[in-house]
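Analysis of the macromolecular model
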Amino acid sequence: RCRPVHGSPGVLATGARAVVFDDWKTLQTNDGALAEAAAFAETLARNPVLYAPLRRVDPSGDRAFTIDGGQNNVEAHWLESPDALLLIAVNHASEPRDVTITFAPAIPEAIWQNMLTGSAVNFVAGPRGPVYTRTFAAHEVLVLMIRKRWK
């Protein structure tokens, strides 16, 4: 588990610049937990150009979305920079949750990248805009990114 340095619950989505692992001694004695913490830190540091300039975006207008399912335990936020658009979604429940996220028509249906696994993610065209359906594992975090500019 991690929390932002300044204590608010949203960690990256609320603009925290650092995280603190709640129980560092346990992480050091549990090889699996230490490996997970290191992998999380590596993911954030792998491409700092994408992460550093990101700012939270109001989820309205052409960035609007709805989350169906999740029993109010799944939340999502947009982060954006001049070069990238990110969606961070979190399942706060201790059980898996099936959700469907429906985006405004302006959101690209193109191939998004899962920043935590490196895999490609496709949204499906729907009558009201692109749709993404996923079963979130307990306490799972999902970070999807798409470049807005080609280099």
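Anyway, here's the lowdown on the structure attached to this text. Quick caveat, the model's predicted, so the values are computed rather than measured. (Residues numbered from 1 in each chain as written. Predicted model: local features only at pLDDT ≥ 70, side-chain atom pairs only at ≥ 80, totals over all residues. Heavy atoms only, no water.)

1. As for the overall build of the protein
When its secondary structure is counted, the protein shows three helices and eleven strands. Going from N to C terminus, the protein has its helices and strands arranged as β-β-α-α-α-β-β-β-β-β-β-β-β-β. Split into buried and exposed, the 151 residues of the protein put 37% on the buried side. The long-range share in the protein, meaning contacts at least 24 apart out of those at least 6 apart in sequence, stands at 58%. Counting every atom, the protein has about 8800 Å² of accessible surface; 56% of that belongs to carbon and sulfur. (Helix = DSSP H or I, 4+ residues; strand = E, 2+ residues; numbered from the N terminus. Buried < 20%, exposed > 50% of the residue type's maximum accessible area, 1.4 Å probe, protein only. Contact = heavy atoms within 4.5 Å. Areas by Shrake-Rupley, 256 points an atom, 1.4 Å probe, with all protein chains shown as cover.)

2. Thoughts on the pairing of strand β6 (residues 84-91)
The buried fraction of β6 amounts to eight of the eight residues, a majority that puts the element mostly inside the structure. The two faces of β6 match: Ala-84, Leu-86, Ile-88 and Val-90 on one face and Leu-85, Leu-87, Ala-89 and Asn-91 on the other face are all buried. Sheet topology places strand β5 (residues 74-80) next to β6; seven bridges connect them, and they run antiparallel. Across the sheet, residue Val-74 finds its bridge partner in β6, namely Asn-91. Connecting the antiparallel pair β5 and β6 is a turn made up of three residues. Summarising the sheet, β6 and strand β11 (residues 141-147) pair through seven bridges and their orientation is antiparallel. Paired with Leu-86 across the bridge in β11 is Met-145. (Pairing = 2+ DSSP bridges.)

Just geometry here; none of it tells us what the structure is for.
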